[in-house]
Amino acid sequence: MSLIRLLPPTVANQIAAGEVVERPAAVVKELLENSLDAGATRVIIDFSRGGKASMIIEDNGQGMTPEDAAMSLQRHATSKIRLASDLDRIATFGFRGEALPSIASVARFTLQTRPSSSTSGWEIAVNAGRILHQRELGMAPGTRIEVTNLFHPVPARLKFLKSDETEAAHIIRLVRLYAISHPEVGFLLREDGREIFRSPGQVPLLERVRAIWGQQVAEEVSLMPLFERSGMRLSGLLGKPGVSRGTRQDLVTVVNGRPVDSRTMAFALTESYHTLIPKGRYPLAFAFLEIDPAWVDVNVHPAKREVRFRDESRVRGFIIESVLSFLRSQGGDGLPRQTITPIETPVPLSIEPAHTPMAPSPLVAQPAPTTSISSPVTSSVRLGWKFLHRLRGDKALFETPTGFAILNIGFAHQRVLYESILQQFSEQKTVSQPLLVSVHLELDPLPAAVLKEKLEFLTTAGFSFEEYGRHFWRIVALPTWLNPDVALSFIRDLLGEMARREGDFGRPTLAHDALAKMAVQRAYRKGDTLSDAELLALVQSLFQTTQPGTDPKGRRTYLEWTDADLDRRFG
Ligand code: ADP
Ligand code: MG
């Protein structure tokens, strides 16, 4: 007797279901994709108990004849491709012909469908892969599928389900993603009959985000114009600088109308925000990429949403370039430009640490011009910010032409210093101060090795060292922005950082950036060391920087309330 047998179809389907249907949200995904593939312009999704009790997806798409309906429950039955070569240009979501039979094999499943050419609909009820009945019924054109008792036929899988709340969260997130990806389709999502969101088709993207993600998120994004280059188009909504998230939850990427996980896109977006949000956090984005389908690999794991691009670096470059040019055009803060008029006060090029007196250090041969945060008080009139009051915690209150603003003095100063240092680097005219009395530096082997390796870079940054024995060095000159009193500890820290974060200091531009950030950390001034006039000058300088809205770590430099905001709050 032969030991090898063909699996009965139901068992084969249940095994396939293990891949296709991981959890209730995966069922919703498959059914939703079928509705969209069927050309629906309206989809209603209802679920109960996280989808464990029931899921109903109803559409107004093209529907199926009774023959097609029966066929759709057969394994590898699909209307979407015929030849393997069709795989190269898939425009639909489905193509495996596995979803319906898989789902029907692990649940109670009722399909009702009617093409607009028929006068009546057709219902097929299935339990655990076995057909219970088929019959005619009256219904509007379209398809309605109800799935109940998910995984009851395969109890082993039931215990992998998480709480109702968790499963519901997955369903809601999934439907949100599809709803945002399909602006032409109206969506209604309900849990136990209670509306979670409703988003009509054909409305502007921002309205759609407001309907699906809510008012708060809609206020945190701004509309990006369409960017286009060599067959790629990018559009969408991007978070305002300073707005960030601890996870990639709200970093939504859509490729050719398909919500996807793309490491390349997520990385490119995050990288573009660079100094606008804190390290390790993610921007908020709804980014839509259109690209020749032949450049995208979609034939990945059925339950995964990951895509790969044939030319990742090209996509990455295009996104970074587009997003950066958009952020620049926004002045980095997404606030109305008209409240800020350009001023001539130069950005201060020299800084002193907070904790040392402003007088030039005796060690400096030629004193650096002391902090140039000083300019006529009248300039505030031109900017439109009027200083009102100092607040606790290094903050100050200003009246603005449109309301009022609270400035974080330290953060604002960091932004100004950061850009002035970077500017020196980019103009390659870092001013170096020779020291009258050189400072001795004794180093451990590792930092000593780093110093030797990075000597050239440090020289371009305005430092000058002389070696006078194994691990013994003399500091003979410093960049003007560094106070000699704190030079020693700064250099030790810098070498430590360079050893630890090799990548960040690997290329000159990155290294300059990292260095500027460190310098700023050390050297910015607290508000109580500034006079009122200096405070106003700081605001002037802040608005001359490229990103006045955030400090180099991406923290907000000021918060603004408009009169309209206030009126709304007073209701
Ligand atoms: P696939 O989507 O990979 O083709 P499915 O098992 O998901 O496989 O669906 C099988 C077939 O059933 C589809 O190719 C399509 O012809 C039909 N079908 C499924 N859902 C719908 C629907 N909502 N409206 C119209 N036809 C559908
Ligand atoms: Mg499908």
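Cut-offs and rules
- All residue numbers refer to positions counted from 1 along the written sequence of the respective chain.
- Working convention: letters from A go to chains and numbers from 1 go to ligands, in the order in which they are written.
- pLDDT decides what is reported in this predicted model: residues at 70 or higher carry local features, side-chain atom pairs at 80 or more are listed and counted, and totals for whole chains, interfaces and linings draw on all residues regardless.
- For the side-chain quantities, the full set of heavy atoms in the structure was used; hydrogens and water were omitted.
- Only runs of H or I of at least four residues qualify as helices and only runs of E of at least two qualify as strands under DSSP, and these elements are numbered from the N terminus.
- The buried label goes to any residue with under 20% of its type's maximum accessible area, the exposed label to any with over 50%, and the partly exposed label to all in between, with areas taken from a 1.4 Å probe on protein chains only.
- Any two residues having at least one pair of non-hydrogen atoms within 4.5 Å are treated as being in contact.
- All accessibility values rest on the Shrake-Rupley procedure with a 1.4 Å probe; residue burial counts only the protein chains present in the view.
- We call two N or O atoms a polar contact when they sit within 3.5 Å, provided that within protein one can donate a hydrogen and the other can accept it, with sequence-adjacent residues counted only if both atoms are side-chain atoms.
- In this description, a line fitted to the C-alpha atoms serves as the axis of each element, helices being fitted only across the stretch in contact, and the angle between N-to-C directions of two axes falls anywhere from 0 to 180 degrees.
- Every angle not falling under 35 degrees, over 145, or within 65 to 115 is termed oblique; those three ranges are roughly parallel, roughly antiparallel and roughly perpendicular.
- Crossing handedness follows the turn of the near helix against the far one: under a right angle anticlockwise gives a left-handed crossing, and clockwise gives a right-handed one.
- Lys, Arg, Asp and Glu make up the charged group, whereas Ala, Val, Leu, Ile, Met, Phe, Trp, Tyr, Cys and Pro make up the nonpolar group; the residues left over, Gly among them, are polar.
- For every residue, the predictor states its confidence as a pLDDT score lying anywhere from 0 to 100.

A look at the overall build of the protein chain
(1) Moving on: Scanning the protein chain from N- to C-terminus turns up 18 helices and 24 strands.
(2) Moving on: Here the protein chain, with 571 residues, has 51% of them falling under the buried criterion.
(3) Moving on: Taking as baseline every contact in the protein chain between residues at least 6 positions apart, the subset at least 24 positions apart corresponds to 69%.
(4) Moving on: Accessible surface, the protein chain as shown: approximately 27,200 Å² in total, 54% of it carbon and sulfur.

Thoughts on the side chain of Glu-33
(1) Moving on: If you trace the backbone, Glu-33 turns up in helix α2 (residues 24–37).
(2) Moving on: Overall, Glu-33 belongs to the buried group, its relative accessible area being 5%.
(3) Moving on: Separated by 2.4 Å, the side chains of Glu-33 and Tyr-178 make a polar contact.

Digging into unusual backbone geometry
(1) Moving on: Even without being a glycine, Phe-151 presents a positive backbone phi close to 70°.
(2) Moving on: Topologically, Phe-151 is positioned in the loop between β6 (142–148) and α5 (155–158).
(3) Moving on: The phi dihedral of His-274 is positive, around 25°, even though this residue is not glycine.
(4) Moving on: Residue placement: His-274 occurs in the loop between α9 (263–273) and β14 (282–283).
(5) Moving on: According to the relative accessible area criterion, His-274 is partly exposed, its value standing at 43%.

Points about the packing of helix α12 (residues 409–426) against helix α16 (residues 508–523)
(1) Moving on: Between α12 and α16, the least distance of the axes is 9 Å, while the angle of their chain directions is 140°. Compared by their axis directions, α12 and α16 come out oblique. The two elements α12 and α16 meet at a crossing, and its hand is right-handed. On the side of α12, the interface is formed by His-413, Gln-414, Leu-417, Tyr-418, Ile-421, Leu-422 and Phe-425, while α16 contributes His-512, Asp-513, Leu-515, Ala-516, Lys-517, Ala-519, Val-520, Gln-521 and Ala-523.
(2) Moving on: Taken together, the residues that form the contact of α12 with α16 break down as 10 nonpolar, four polar and two charged.

Examining the confidence of the model for the protein chain
(1) Moving on: Averaged over the protein chain, the pLDDT score is 82; the fraction of residues at 70 or greater is 87%.
(2) Moving on: Throughout residues 333–382 the model reports pLDDT below 50, and contacts reaching past four residues in sequence, or to other chains, amount to 105 contacts.

Brief notes about the packing of α12 against helix α17 (residues 532–542)
(1) Moving on: With their axes 9 Å apart at the nearest point, α12 and α17 run at an angle of 50° to one another. As summarised for this structure, α12 and α17 are arranged oblique, according to the angle between their axes. Between α12 and α17 lies a crossing of left-handed hand. Contacts between α12 and α17 pair Ile-409, Ala-412, His-413, Arg-415 and Val-416 from the former with Leu-535, Leu-538, Ser-541 and Leu-542 from the latter.
(2) Moving on: Taken together, the residues of the contact of α12 with α17 break down into six nonpolar, two polar and one charged.

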